[in-house]
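Remarks on the overall topology
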Amino acid sequence: MKEIDWSNLSFGYMPTDYNVRCNYRDGAWGELEVSSSEYINMHMAATCLHYGQEAFEGLKAFRGKDGKIRIFRLEENAARLQSTCRGIMMPELPTDKFKEMMLKVVKLNERFIPPYGTGASLYLRPLLIGTGAQVGVRPANEYLFVVFATPVGPYFKGGFAANPYVITRKYDRAAPLGTGTFKVGGNYAASLRASMEAHEAGYSAEFYLDAKEKKYIDECGAANFFGIKNNTYITPLSTSILPSITNKSLMKLAEDMGMKVERRPIAEEELETFEEAGACGTAAVISPIQRIDDPENNKSYVFSKDGKPGPVCEKLYNKLRAIQYGEEPDTYGWVTIVE
Ligand SMILES: Cc1ncc(COP(=O)(O)O)c(C=O)c1O
């Protein structure tokens, strides 16, 4: 194998040795299958191709300081996938099966797990698709669950830094009672135009307001939002955002640090009052927000004048990363060690 330049990997697809699959047929999940093919052969009338019966997850495995491999919040990802399945009428994959498949894919691709200290990790991408043929709009009767692994580089190549975001008023990602809380492909298709326009204008990502009133903060790109003020961690309560597992973890850590935690609607004007703000998700843990522009409203909310992350963002980021890399004790049982 060609030497991999771990520290310079991007967030892109690199082929690995194996993926793990499981089919759902006749009302039951089958045996696990290990495959070295990167392709899926399926019926052209499969429901995932026409009616968006597609769910996915994203989680990471890390090589720790002690050489052990840790997967972060495996059970939470299994639970979120089950919630997505209920949302778009797909059979739920039991947590044990999910876990077994994640452990298997990591072990089979062990040579692709980046070494400790590179900041890189092994990204796991589980996906569940409706494969049964259907022409009418109905759930499929057959499904395929696949998980593949691919090494990804550190999010912050030049060090932990703050980035600009832009509010999009032209596009919505999800409707208030739509599929925003589920991790389905359609939500990402709906975000592509806004995301592309934000990048072209020099922003890190687009920032969504609630679709109904365009008044409250929803999400930023593929990440949850949080603001910090008066020793309080504040994050939106909304029926159209994905429940981020990173956000859930950060709320717990903030509490441990003696901060108050609030989950409630955040009106756009409140942005003015935050001392710090961040976008959080598996990809970056925290991407500190330098400023949020609202060009259509002629406004700009600045959180970092010098482009440096604030002290609370930095502390939370370091703490969560330390748990992922086994540098600090895993008090809450968030990591699964791959033996
Ligand atoms: C729309 C959206 N919001 C938030 C997140 C963050 O979720 P998590 O912390 O579970 O990665 C993601 C995925 O990473 C996402 O796609």
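This section reports on the structure supplied with the text. (Residues numbered from 1 in each chain as written. Predicted model: local features only at pLDDT ≥ 70, side-chain atom pairs only at ≥ 80, totals over all residues. Heavy atoms only, no water.)

Some points on helix H7 (residues 311-324)
Across its 14 residues, H7 extends 20 Å between first and last C-alpha, which sits within 8% of the 20 Å expected from 1.5 Å per residue. Burial in H7 covers these residues: Cys313, Leu316, Tyr317, Leu320, Ala322, Ile323 and Gln324. Gly326, located one to two residues past H7, shows a positive phi value of around 70°. (Helix = DSSP H or I, 4+ residues; strand = E, 2+ residues; numbered from the N terminus. Expected span 1.5 Å × (residues − 1). Buried < 20%, exposed > 50% of the residue type's maximum accessible area, 1.4 Å probe, protein only.)

Some points on the pairing of strand S9 (residues 163-168)
Among the six residues of S9, five are classified as buried, and the element is accordingly described as predominantly covered. Looking at chain direction, S9 and strand S10 (residues 205-209) are connected through four bridges and run parallel. Paired with Tyr165 across the strands is Ala205, a residue of S10. (Pairing = 2+ DSSP bridges.)

Considering the nonpolar core
Counting 38 residues, the largest nonpolar core has Ile71, Phe98, Met102, Val106, Leu122, Leu124 and Phe145 as its most contacted members. For this core, the secondary-structure elements that each account for two or more residues are strand S1 (19-25), strand S5 (59-63), strand S6 (69-72), helix H2 (74-87), helix H3 (95-108), strand S7 (121-130) and strand S8 (143-152). Ranked by residue count, the leading element in this core is H3, at five residues. The residues contacting Phe145, other than those within four sequence positions of it, are Val20, Arg21, Cys22, Trp29, Leu81, Leu93, Phe98, Met101, Met102, Pro126, Leu127 and Leu128. (Core = buried A, V, L, I, M, F, W, Y, C linked by side-chain atoms within 4.5 Å. Contact = heavy atoms within 4.5 Å.)

Observations concerning the pairing of strand S12 (residues 223-229)
Remark: a regular strand shows side chains that alternate across the two faces of the sheet. Across the seven residues that make up S12, a large majority, seven, are buried. Bridge count for strand S11 (residues 217-220) against S12 is two bridges, and the pairing is antiparallel. If you follow Cys220 over to S12, its bridge partner there is Ala223. In this structure, S12 lies alongside strand S15 (residues 276-281), joined through five bridges in antiparallel fashion. Within the sheet, the bridge partner assigned to Phe226 lies in S15 and is Gly278. Between S12 and strand S13 (residues 232-235), which pair antiparallel in sequence order, lie two residues; one of them, Asn230, sits at a positive phi of approximately 45°.

A look at the packing of helix H6 (residues 245-256) against H7
Look at H6 against H7: their axes get within 10 Å of each other, and the N-to-C directions meet at 110°. In terms of orientation, H6 lies roughly perpendicular with respect to H7. As for the relative orientation of H6 and H7, their crossing is right-handed in sense. Contacts between H6 and H7 pair Thr246, Ser249, Leu250, Leu253 and Ala254 from the former with Leu316, Lys319, Leu320 and Ile323 from the latter. (Axes fitted to C-alpha atoms, helices over the stretch in contact; angles between N-to-C directions. Parallel < 35°, antiparallel > 145°, perpendicular 65-115°, else oblique. Left-handed = near helix turned anticlockwise from the far one by under 90°.)

With respect to the site of the ligand
The full set close to the ligand counts 15 residues, and Tyr188, Glu219, Ser244, Thr246 and Thr282 are the nearest of them. Residue Ser244 places a side-chain N or O atom 2.6 Å away from an oxygen atom belonging to the ligand. Here an oxygen atom of the ligand sits 2.6 Å away from a polar atom, N or O, in the side chain of Thr282. Protein contact buries 94% of the 390 Å² of open area that the ligand shows by itself. Grouping the amino acids of the shell around the ligand by side-chain chemistry returns six nonpolar, five polar and four charged. (Near = heavy atom within 4 Å. Polar contact = N/O pair within 3.5 Å; in protein donor to acceptor, adjacent residues only side chain to side chain. Areas by Shrake-Rupley, 256 points an atom, 1.4 Å probe, with all protein chains shown as cover. Nonpolar A, V, L, I, M, F, W, Y, C, P; charged D, E, K, R; others polar.)

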